[in-house]
Amino acid sequence: MSSTIAAWLAGLLRTRKPATLAAVAGIAVTVSLVAALGVFMQSSAAEMTARATSDLPIDWQVEIVPGGSIDTLISEMHSAARVTRTALVGYAAVNGFEASSEGTVQVTGPGKVIGLEPNYAADFPGNIRPLLGGPGVLVAQQTAANLHIAPGETVRVHRPGMPDAQVAVDGIVDLPNADSMFQAIGTPPGAAPQAPPDNVLLLPIDRWHELFDPQAEVRPDSVRLQIHARLDRVGLAANPQAAFLDVSGKGRNFEARVAGSAQLANNLAATLDATRGDALFARVLFLFLGAPGAAVAALLTLAVARSGAERRLRNQALLRLRGASLRALITIAAAEALALGVVGSIFGLLIGVIASRLILGVPLLGARLLIWLGIAADTGIVLSLAAVLVPAWWDARNLSIVSARGSMTEDGRFRWTRAYLDIILLALSAIVFWWTGASGYQIVLASEGVAAISVDYWAFLAPLFFWLGATLLCIRFAKLSLRRGRAVLTRVLQPVSVGLSALVVSALARQPGRIAAGVSLTALALAFAASTAIFNATYQTQSHIDAELTNGADVTVTGTSSAPAGQALDRLAAVPGIAAAVPMQHRFAYVGTDLQDLYGIDPATIERAATISDAYFGNDDARASLDALKSTPDGVLVSDETVTDFQLQPGDAINLRLQSADDHQYHVVRFRFVGIVREFPTAPSDSFLIANAEYVAKATGDAASEVVLMRVTGDPILAHEHAAAVAKDLPGTKVRDITEARKLIGSSLTAVDLAGLTRLELIYAVALVASAAGLILALGVLDRRRSFAIMAAVGAKPWQIRAFIRAEAILIFVGGSFLGGIIGSVVAWMLVKLLTGVFDPPPDHMTVPWIYLGIVIAAAAASTGLAVRITERRTDTSAVLLLREAA
């Protein structure tokens, strides 16, 4: 039997080399794509874990309950987890701060005084960013602005229940992680987060104890101690879900050990909690974007294998005539399928390894990545069995020798057409899509306080039903066009049929199944390419907008109230590569008792330097909102949260308190509410205000602009360097570019770097389109060499045979391109809607990469042309040779 199998396989390579190699190639493409996509999903989760935790300054914050022992708590922390650094931090609430400057006295509201150990800034980098002065007594930037003080001046601290204390300021700092540093520890899950204090003073821990230990005796509720800790992250799991469960478990172990003598804020677990949702979104991207490509590759392989169905039936009939048993037929088919699967999987794994390394930049090391290679190889074997063994087994069991002969020309109508399964599937897709939209397109489900999060896989039914329905609709459309659109096709194909268009269309109409398969596969490949390209282009556009929103512009220069960046506006505008430089005020205003960021802009010029999206505003119309602000001198755009908290209505008068440049006190300034703003360049995500810079300058007596937004035409990093050189004379000035912003948002889903995945999918998409458009045509034509031989034998000229080939090629290419463009556009639109959670802010419209789509169409056209040329050369021979090849 082994010799028979060897002879069979050798015969396949000798007589069916193109189809055999095409089947191997199809399996290899499918295996390599599955392997590379699996590697992306695994590596992206590890990358997100590393990004999310890299900039986290404090892993654990342990608040000591009165009576708790510091040494005991530190010991228990080391027992529960591998702790690398600890520091004792004191927190004291005060009634306010006071300072005298230029003959005026400034007084702030309540604040906090923090006591820090000498090495705190080095042990917990990222919590404190020096701006002016040196170590010692430090004041937060906003507090310095409120008090209008500089290093060397004195601040009076109003202690509750105690006499005032005086300290000399040594430096001014920024607190980038104030939300975490001043969080309320021990609040119940779901409670509203506590806003960081507006006024902060930092003291050496010894000086802090000297001032506030007495206060703790009088007002123990106003003083607390914390232990800040960093954990050893070397053994942290790469998967954020596993890492979250591990870190959460260690935290609960510590809480059990201390038995209520301390309360824990597990910042590392909280960060991983958000990141594991991002990792699930990476899985969603894999399923939504990658699975269709693998499915198209698999269908292409099945079509290639099916192209030799008639020859396989004849061979089975001959073997049955010579006495071959059913078992022998199935054994031969199994050997063929296994050989194709093994060879295709080996080549596919090699291609997958190379693609993962070169395109994704991921070396295939580690057990989890090797598991994906095993899954991909199994996929190749299963695909080969489905493409070769299953049809052979079915034919061998159900077809007699006579029926096999008859089935070669039979073109029965599938039952699904009569049941309108395609229409039903499309209707189900629309229903599921509507239902998902009604629930807010929440694909990743993360309930508050629940350790396990999940993906709403029901949402996948909408695109799945659409893909299936669209595929069947393509088949129906192609067959219907051949059956009822002959007159139109005759006129359309006249230029390539050279007077034989009616005969050509009639011949094509007798092969609706094969033509429909070619059109459908071409359409699906083009739809995959189009949908992937449009979604990825939209994703990249929104990622840039998100980074620009965070940074403010391509390059942003932020000064202080004493040294505003606007002083250097002319010099910054002259920096090489700067297309526009626009000033913006950044002040603070009290809304009631809530201190909020206030941005003063010129609505007519702000868009020169910054992207202002419609999604930033409550009316989803950026132009209308800016025009409303421009036409109302005292107008103000208010954030969603503030509008809700204060129950504002359009046109309401709002009394804000702004700091005056004359006496540095806060005075009431009247504004008029003209619209809602959700987001704005450099603004925080919760509460802020946007007003006219001219009105703010007039009301405060200060026209300075603390911020300069800059649009760059070249390299933002180079522009950053030039801007930093210009602004170096302004103390406390900070220069940031958009590349830094991309890193800062690295723990959010929008920062999942899809560049590698995009390149991978788009390269495969071009290959699939070229294969679908050309390979199926070539194999189909070669399978009909007997028909062409008969035509040549009865006197048909070579140019007449070429007319049939070219007409078929035009029909498959044009029909597939038309249907593929429609399907791809709809799928891309569905993906953008379903994956709304990926985008921050949501896109105003889809981004269409016309150049890439043109390359895809050109690849399909080139592949079709090559297939036509090859088949024409094979048919430009004698009838005897054609019959001999087709035998």
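Heads up: the structure comes first, above all this text.
Given the structure is predicted, the values throughout are model-derived calculations rather than measurements.

Cut-offs used in this document
Residues numbered from 1 in each chain as written. Predicted model: local features only at pLDDT ≥ 70, side-chain atom pairs only at ≥ 80, totals over all residues. Heavy atoms only, no water. Helix = DSSP H or I, 4+ residues; strand = E, 2+ residues; numbered from the N terminus. Buried < 20%, exposed > 50% of the residue type's maximum accessible area, 1.4 Å probe, protein only. Contact = heavy atoms within 4.5 Å. Areas by Shrake-Rupley, 256 points an atom, 1.4 Å probe, with all protein chains shown as cover. Core = buried A, V, L, I, M, F, W, Y, C linked by side-chain atoms within 4.5 Å. Pairing = 2+ DSSP bridges. Axes fitted to C-alpha atoms, helices over the stretch in contact; angles between N-to-C directions. Salt bridge = Lys/Arg side-chain N within 4 Å of Asp/Glu carboxyl O. Patch = residues over 30% accessible without salt bridge, like charges linked within 9 Å, V, L, I, M, F, W, Y side chains within 5 Å. Lys, Arg positive; Asp, Glu negative; His and termini not counted. Charge placed at Lys NZ, Arg CZ, Asp CG, Glu CD. Arc of directions from axis to C-beta. Phe/Tyr/Trp six-rings, centres within 6.5 Å; stacked < 30°, edge-to-face > 60°. Lys NZ or Arg CZ within 6 Å of the ring centre and 35° of its normal.

K.L.:
Looking at this structure, how should I read the overall build of the protein chain?
P.N.:
Of the regular secondary structure elements, the protein chain holds 31 helices and 24 strands. The buried share of the protein chain, reckoned over its 887 residues, is 52%. Here the contacts in the protein chain between residues at least 6 apart in sequence split such that 81% fall between residues at least 24 apart. For the protein chain, the exposed area adds up to about 38,700 Å²; of that, 60% sits on carbon and sulfur atoms.

K.L.:
Looking at this structure, how should I read the nonpolar core?
P.N.:
Soluble, globular proteins show a tendency: their nonpolar side chains are buried together. In this structure, Phe535, Ile823 and Tyr852 are the most contacted members of the largest nonpolar core, which totals 69 residues. Broken down by secondary-structure element, the contributors of at least two residues to this core are helix H9 (267-306), helix H15 (421-438), helix H16 (461-484), helix H19 (501-509), helix H20 (512-551), helix H27 (755-783), helix H29 (798-834) and helix H30 (850-875). The greatest single-element share of this core, amounting to 15 residues, is contributed by H20. Core analysis: the second largest hydrophobic core is formed by 30 residues, Leu33, Ala298, Val304 and Ala355 among them.

K.L.:
Hey, could you run me through the sheet that holds strand S8 (residues 154-158) in this one?
P.N.:
Strand order in the open sheet formed by 4 strands is S4-S3-S8-S9, with antiparallel pairing between adjacent strands. Two strands bound the open sheet, and with one partner strand each, they are strand S4 (104-107) and strand S9 (165-168). Neighbour-to-neighbour, the strand axes of this sheet turn through a mean angle of 25°, independent of strand direction. Alignment of strand S3 (residues 96-101) against S4, held across 4 bridges, turns out to be antiparallel. Directly across from glutamate 98, in S4, lies its bridge partner valine 107.

K.L.:
Could you clarify how one ought to interpret the pattern of salt bridges in this entry?
P.N.:
Pairs can form between side chains of opposite charge whenever their charged atoms are close. Counted by the stated rule, this structure contains 16 salt bridges. Residue arginine 207 is joined to glutamate 210 by a salt bridge in which the shortest nitrogen-to-oxygen separation is 3.0 Å. One end of the pair is arginine 207 and the other is glutamate 210, both in helix H7 (residues 205-218) and 3 residues apart, which spans about a single turn. It is possible to trace a salt-bridge network through shared partners that takes in Arg129, Asp174 and Lys734.

K.L.:
Please clarify how a negative patch on the surface should be interpreted in this entry.
P.N.:
On the surface, a cluster of negative charge is made up of Asp179, Asp594, Glu641, Asp645 and Asp686. Mapped onto the secondary structure, aspartate 179 falls in helix H6 (residues 178-181).

K.L.:
Is there a simple way to think about helix H24 (residues 693-700) in this case?
P.N.:
Where H24 is concerned, the buried positions are Ala693, Val696, Ala697 and Thr700. All buried residues of H24 lie within an arc of 100° about the axis, which places them on one face of the element. Opposite the buried face of H24, by more than 90 degrees, sit the exposed residues Glu694 and Lys698. Tucked inside the fold, the buried residues of H24 contact strand S17 (578-591), strand S18 (594-601), strand S20 (653-659) and strand S22 (688-692).

K.L.:
Could you clarify how one ought to interpret the side chain of asparagine 551 in this entry?
P.N.:
Along the polypeptide, asparagine 551 turns up in helix H20. Filtering out sequence-adjacent residues up to four positions away, asparagine 551 remains in contact with Thr556, Thr682, Arg736, Asp737, Ile738 and Ala741.

K.L.:
What should I look at first to understand the pairing of strand S5 (residues 111-116) in this one?
P.N.:
Residues in a regular strand point their side chains to alternate faces of the sheet. Along S5, 6 of the 6 residues are buried, which leaves the element largely enclosed by surrounding structure. Covered by surrounding structure in S5 are Gly111, Val113 and Gly115 together with Lys112, Ile114 and Leu116, the residues of both alternating faces. Two elements, strand S2 (residues 83-94) and S5, share 5 bridges in a ladder whose sense is antiparallel. Residue pairing in the sheet places glycine 90 in a bridge with glycine 115 of S5.

K.L.:
I would appreciate a short explanation of the packing of aromatic side chains in the present structure.
P.N.:
The geometry of an aromatic ring pair is captured by the separation of the ring centres together with the interplanar angle, meaning the angle of the planes. With the rule as written, the count across this model stands at 8 aromatic pairs. If you follow arginine 224 out to its NZ or CZ, it ends over the ring of tyrosine 91, 4.5 Å from the centre. Residue placement shows arginine 657 over the ring face of tyrosine 590; its charged tip is 4.4 Å from the ring centre.

K.L.:
Explanation requested: the sheet that holds strand S6 (residues 129-133) in the structure shown.
P.N.:
Paired through backbone hydrogen bonds, the strands of a sheet run either parallel or antiparallel to each other. The strand order across the open sheet built from 9 strands is S6-S10-S7-S11-S5-S2-S12-S1-S13, with neighbouring strands paired in mixed fashion. Single-partner strands in this sheet number two, and they are S6 and strand S13 (262-266). Geometrically, the sheet is characterised by an average inter-axis angle of 25° between neighbouring strands, direction not taken into account. Direction of pairing for S5 relative to strand S11 (residues 200-204): parallel, over a ladder of 5 bridges.

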